[in-house]
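These are the residues of each chain, in order.
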Number of protein chains: 2
Amino acid sequence: MTRLLHFGSGPATLPLEVLEEAREALLELPGEGLGVLELPHRGPGYERIHGEAEAAVRRLLGADDAWAVLFLQGGASLQFALVPMNLGPDGDVAVTGTWTQKALEEARRLGGGARAAADTGATNFDRLPDALDLRPGASYLHVASNETIHGVQWPELPASAAPLVVDASSDILARPLDLARAGVVFAGAQKNLGAAGVTLVLVRRALLERAPATLPAILSWRAHAAAGSALNTPPVFAVFVLGLMLRWTERQGGVAALAARNAARAARLYAALDARPDVYAVHARPGARSTVNVPFRLATPALEAAFLEGAAREGLLGLAGHRSVGGVRASLYNAMPDDGVARLIAWVEAFAAEARAAGAPAPQPPAPAAGARA
Amino acid sequence: MTRLLHFGSGPATLPLEVLEEAREALLELPGEGLGVLELPHRGPGYERIHGEAEAAVRRLLGADDAWAVLFLQGGASLQFALVPMNLGPDGDVAVTGTWTQKALEEARRLGGGARAAADTGATNFDRLPDALDLRPGASYLHVASNETIHGVQWPELPASAAPLVVDASSDILARPLDLARAGVVFAGAQKNLGAAGVTLVLVRRALLERAPATLPAILSWRAHAAAGSALNTPPVFAVFVLGLMLRWTERQGGVAALAARNAARAARLYAALDARPDVYAVHARPGARSTVNVPFRLATPALEAAFLEGAAREGLLGLAGHRSVGGVRASLYNAMPDDGVARLIAWVEAFAAEARAAGAPAPQPPAPAAGARA
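What counts, and where the lines are drawn
Residue indices follow the written sequence of each chain, beginning from 1 at its first position. Chain letters and ligand numbers both follow the written order, the letters beginning at A and the numbers at 1. Where totals are concerned, whole chains, interfaces and linings use all residues; where local detail is concerned, this predicted model gives features only for residues with pLDDT of at least 70, and gives and counts side-chain atom pairs only at 80 or more. The way it works is that DSSP assigns letters per residue, a run of H or I at least four long becomes a helix, a run of E at least two long becomes a strand, and they are numbered from the N terminus. Partly exposed residues are those falling between the two cut-offs: more than 12 but fewer than 20 other C-beta atoms within 10 Å of their own, whereas 20 or more means buried and 12 or fewer means exposed, with C-beta atoms placed from the backbone. In this description, a residue-residue contact is defined by the distance between C-beta atoms placed from the backbone, which must lie within 7 Å. Strands are treated as partners if at least two bridges between them are detected by DSSP. Each axis is a line fitted through C-alpha atoms, and for a helix only the stretch in contact is used; angles between axes span 0 to 180 degrees, taken between their N-to-C directions. Here the copies are matched by least squares. The fit uses the C-alpha atoms of residues with pLDDT of at least 70 in both. The directions considered for the arc run from the helix axis to the C-beta atoms. Take the buried Ala, Val, Leu, Ile, Met, Phe, Trp, Tyr and Cys residues, join any whose C-beta atoms are within 7 Å, and the set you get is a nonpolar core. When the near helix sits turned anticlockwise from the far one by under a right angle, the crossing is termed left-handed; a clockwise turn instead gives a right-handed crossing. Polar here means any residue outside two lists: the nonpolar Ala, Val, Leu, Ile, Met, Phe, Trp, Tyr, Cys and Pro, and the charged Asp, Glu, Lys and Arg; Gly therefore counts as polar. The domain limits used here are those given by an automatic or database domain assignment. Given the number of residues in a helix, its expected span is that number minus one, multiplied by 1.5 Å. Assignment of crossover handedness uses the view with strands pointing away from the viewer, where a clockwise path from the first strand over the helix to the second indicates a right-handed crossover. pLDDT expresses, on a scale from 0 to 100, how confident the predictor is about each individual residue. Should an angle fall under 35 degrees it is taken as roughly parallel, and over 145 as roughly antiparallel, whereas 65 to 115 is taken as roughly perpendicular and any remaining angle as oblique.

(A) Quick look at the overall build of chain A. Looking only at helices and strands, one finds nine helices and 14 strands in chain A. Overall size of chain A, expressed as C-alpha extent along the three principal axes, is 65 × 55 × 30 Å. When each of the 374 residues of chain A is scored for burial, the buried share is 56%. In chain A, the share of contacts with a sequence separation of at least 24, taken over all contacts with a separation of at least 6, comes to 67%.

(B) Structural detail: the sheet that holds strand 11 (residues 281–282) of chain A. The three strands are arranged 11-12-14 (chain A) in an open sheet whose pairing can be described as antiparallel. At either margin of the open sheet sits one strand with a lone partner, and together these are strand 11 and strand 14 (328–331) of chain A.

(C) Here's a closer look at the sheet that holds strand 8 (residues 164–167) of chain B. All names here are of chain B. As summarised here, the arrangement of the seven strands in space is 2-10-9-8-5-3-4, forming an open sheet in which the pairing is mixed. Sheet topology places strand 2 (67–72) and strand 4 (115–119) at the edges, where each strand pairs with a single neighbour. Neighbour-to-neighbour, the strand axes of this sheet turn through a mean angle of 20°, independent of strand direction. Where strand 3 (residues 91–95) and strand 5 (residues 140–144) come together, three bridges link them in parallel fashion. Paired with Val93 across the two strands is His142, which belongs to strand 5. Here helix 4 (residues 98–109) sits on the sheet in contact with strand 3, strand 4, strand 5 and strand 8, set at roughly 155° to strand 3.

(D) Geometry of the relation of the copies chain A and chain B. Once chain A is rotated about the relating axis by 180° and shifted along it by 0.0 Å, it coincides with chain B to within an RMSD of 0.0 Å. Between the two chains, the operation in question is that of a two-fold axis. The share of interface residues of chain A whose copies in chain B are also at the interface is 100%, consistent with both copies meeting through the same surface.

(E) Fine view of the environment of Gly318 of chain A. Within the secondary structure layout, Gly318 of chain A lies in the loop between strand 13 (316–317) and strand 14. A sequence separation of 147 residues divides Gly318 of chain A from Asp171 of chain A, and the C-alpha atoms of the two residues are 18 Å apart. Aside from chain neighbours lying at most four places away, what touches Gly318 of chain A is His6, Phe7 and Gly8 of chain A together with Pro40 of chain B.

(F) Representation of helix 1 (residues 16–27) of chain B within the structure. Residue and element names in this part refer to chain B. Three or more residues of helix 1 are buried, namely Val18, Leu19, Ala22, Ala25 and Leu26. Buried residues of helix 1, seen end-on, are gathered within an arc of 125° and therefore sit on one face of the element. In helix 1, those exposed residues whose orientation departs by more than 90 degrees from the buried face are Glu17 and Glu20.

(G) Focus on the nonpolar core. Membership of the largest hydrophobic core comes to 247 residues, with the highest contact counts inside it found for Val241 and Leu242 of chain A together with Val241 and Leu242 of chain B. Not counting chain neighbours up to four residues away, the residues in contact with Leu242 of chain A comprise Ala53, Ala189, Leu193, Gly194 and Val198 of chain A.

(H) Highlighting the packing of helix 1 (residues 16–27) of chain A against helix 6 (residues 236–251) of chain A. Residue and element names in this part refer to chain A. At a minimum axis distance of 10 Å, the contact between helix 1 and helix 6 shows a crossing angle of 145°. Helix 1 and helix 6 meet at a crossing whose hand is right-handed. Note on element contacts: helix 6 touches helix 1 through Phe240, Val241, Leu244, Met245 and Trp248, opposite Glu17, Val18, Glu21, Ala22 and Ala25. Class assignment for the residues of the contact of helix 1 with helix 6 results in eight nonpolar, no polar and two charged.

(I) Representation of the domain arrangement of chain A. Residue and element names in this part refer to chain A. If you check the domain split of chain A, you get domain 1 (16–251) and domain 2 (254–357). Taken over C-alpha atoms, the centre of domain 1 sits 27 Å from the centre of domain 2. Taken residue by residue, the interface counts 22 residues in domain 1 and 22 residues in domain 2. Sorting the residues of the side of domain 1 that touches domain 2 by element identifies strand 7 (152–153) and helix 6 as the ones contributing at least two each.

(J) Quick look at the environment of Gly10 of chain A. On the secondary structure map, Gly10 of chain A appears in the loop between strand 1 (5–6) and helix 1. For the pair Gly10 of chain A and Asp65 of chain A, spaced 55 residues apart in sequence, the C-alpha separation works out to 30 Å.

(K) How the structure looks around helix 2 (residues 44–61) of chain A. All names here are of chain A. With 18 residues, helix 2 extends 25 Å from end C-alpha to end C-alpha; this agrees with the ideal 26 Å at 1.5 Å per step. Along helix 2, the residues classified as buried are Gly45, Tyr46, Ile49, His50, Ala53, Glu54, Val57 and Leu61. Angularly, the buried residues of helix 2 cover 165° about the axis, an arc narrow enough to put them on a single face. Exposed positions of helix 2 whose direction lies more than 90 degrees from the buried face are Pro44 and Arg48. Where helix 2 is buried, its residues contact strand 2 (67–72), strand 10 (199–204) and helix 6. Just beyond helix 2, the residue with positive phi is Gly62, at close to 70°.

(L) Spatial organisation of the pairing of strand 4 (residues 115–119) of chain A. Residues and elements named next belong to chain A. Here strand 3 (residues 91–95) pairs with strand 4 via four bridges, running parallel. By the bridge assignment, Asp92 is partnered in strand 4 with Arg115. Remark: the strand 3/helix 4 (residues 98–109)/strand 4 crossover connection has right-handed handedness.

(M) Quick look at the interface of chain A and chain B. In this assembly, 60 residues from chain A lie in contact with 60 residues from chain B. Breaking the side of chain A that touches chain B down by element, the ones donating at least two residues are helix 1, helix 3 (75–87), helix 4 and helix 6 of chain A. Among the residues forming the side of chain A that touches chain B, the class breakdown is 32 nonpolar, 20 polar and eight charged.

(N) Main features of the confidence of the model for chain A. Here chain A shows a mean pLDDT of 95. Residues at 70 or above account for 97%. Interface confidence in the predicted complex, given as ipTM, is 0.96; pTM for the same model is 0.97.

(O) Fine view of unusual backbone geometry. Pro11 of chain A follows Gly10 of chain A through a cis peptide bond whose omega is -5°. Take Pro11 of chain A: it is sitting in the loop between strand 1 and helix 1. Even without glycine at this site, Ser229 of chain A takes up a positive phi of about 60°. The phi dihedral of Asn124 of chain B is positive, around 50°, even though this residue is not glycine. Turning to its location among the elements, Asn124 of chain B is positioned in the loop between strand 4 and strand 5. When the 14 C-beta atoms within 10 Å are taken as the criterion, Asn124 of chain B is described as partly exposed.

(P) Molecular detail of the packing of helix 2 of chain A against helix 6 of chain A. All names here are of chain A. Between helix 2 and helix 6, the least distance of the axes is 9 Å, while the angle of their chain directions is 40°. In this view, helix 2 runs oblique relative to helix 6, as classed from their interaxial angle. The crossing of helix 2 and helix 6 is left-handed. Between helix 2 and helix 6, the contacting residues are Tyr46, Ile49, His50, Glu52, Ala53, Ala56, Val57 and Leu60 on the first element and Val236, Val239, Phe240, Leu242, Gly243, Leu246, Arg247, Thr249 and Glu250 on the second. Looking at the contact of helix 2 with helix 6 residue by residue, the classes come out as eleven nonpolar, three polar and three charged.

(Q) Inspection of the environment of Ala56 of chain B at higher detail. Residue and element names in this part refer to chain B. Mapped onto the elements of the fold, Ala56 is located in helix 2 (residues 44–61). C-beta crowding within 10 Å serves as the criterion here: with 18 such atoms nearby, Ala56 is assigned to the partly exposed category. Placed 191 residues apart in sequence, Ala56 and Arg247 show a C-alpha to C-alpha distance of 7.2 Å. Every residue in contact with Ala56, bar those within four places of it in the chain, is listed here: Gly243, Leu246, Arg247 and Glu250.

As structure tokens, then:
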């Protein structure tokens, strides 16, 4: 066993005990005479897996029967298209990073009246908007509770008269989610919910009726809800791993316990980075900083490469920033052990000392920007 | 280990060696320091998995660079919507069973001019149409090379001036596929290609240009092709298992060898059923019978239940017919060992002897039907 610490943004590290449980199920599920990959999706074995996962989602998020809980394929990106297709063409989108930018692009391709309710691109998505320009009668307001690439997270969800759509892909179950404000919540599984290949979608049942009759069933939340997410063959293994991950989450004490731990350790990492402004520059401004994705820069690509190479020697992998922005990014999802964060902080401090001793340049301060929350 | 023989229609049985290879990869992939569920989809590890799977698809199907090879989510059912969305609204569909019926329904929901080029529903989909009513200028002709539920299989693909779309979900790699006649081929993985959660889609590159600009990227074959099927996070594990399954298929001698074996053993099963018309009635007429799905009936639900219960005692599972049609169905995909088919035939013969001895009624002959190929 030479498993290393992996800080990738997703697919992300999973708890060893979840992987061991998944491994056990591949050749034979108890009482089934076959492995989980072979399990018929119309039988009691899969129905139990699905039912237990749905019940755990409802317990962990506090979602009562006013909500439909769907397990779909296609990733959060498919939901970018399904949101306008199911709720209507005139969406407002709070553009706070790459993922909401993509969501707005997809909605616009459909030819409706989707528009940005804010756009913090002028400061390279380093903060949250001061205000949202919301239209009366908008079909929905779409936000990303956390922008995975830019490390910007809404401290609390905005209030909205239109149904609030929350892309919670990177911080679902990593902190409390204010369902009372939301109309739709979706999250790809490959960060806090297990393996790539299933997307958790919660929709208030009252919103299911908005889908037009011209929508193919496979693109309709209403049709998926009516079929219990088994309109066609579900991604059985990904739902199984989701169930294992939900049970693991409950064993950790649930969302509140994990949120407190995540906030504390992210604060320690930010403090270590902020303590060395001569070496590191955190991308996101205080007040908008994510507890799960921490992107930062060093002065030069060569320094960043040296940081990443040294980290790899320490057994700390997956720290390169997203290909679209570069730099360094540490993703600290629920399955990242505290010891991993501690070892990362130790490397941040050790590298800073080395860089100072070698007379490395300091990063430039961020460009001045106006009109956005500091 | 109490693995049993599983004749389910999909998710279907997988080769033990493929399951063992998948199991090995869960905790740690060699050289990666993490397991396959945690593997970043933008790194060399996944790129190798994807590249090897694509190359094996091309070798096994004889697909040259005129074809885009895509690994998508959403199942074959999502393709029912993507076909008209990407190729145009005026499709002809050869309705030969449940799956083409569903494909036509989805195309019609989109509000275009999709229509049936044939419909064998009058005889409960027990045969292939004598002729297809094809429109000049149709956007495409959609066929299912094999209808999983009704056990009807085209001996060869029809010729078509419009691009031929082939749903090959249940017989891909189980027999040769005449790509020269096809424009689009798709197949859910959970029968001959591994685990539910990935869909193989082949599209002639020339057809990629037909998608309208108003199509969201996530629904566009062109966009997926341009992004190498990594427009968003792919279903990493399902693609990994697909790759294992493709290598296994090559080790068996490839499509030609498997097709010969499949045809021979299906013929043995049909012969055993046809030899006892006093007990069994095969659903599909000779000339249209599938080599991979063999649905048949007994005279009464009680007899069918007795057949299934006895089969389960023999360790033969998953033989109940689809919930929409009842009866019995044996799915004999590539991963079903010959010994499994032999044991099933032995049970077919033993049960027939028991039923005769007990004076059980014979099944009714099929209702007479006109206007369709006998």
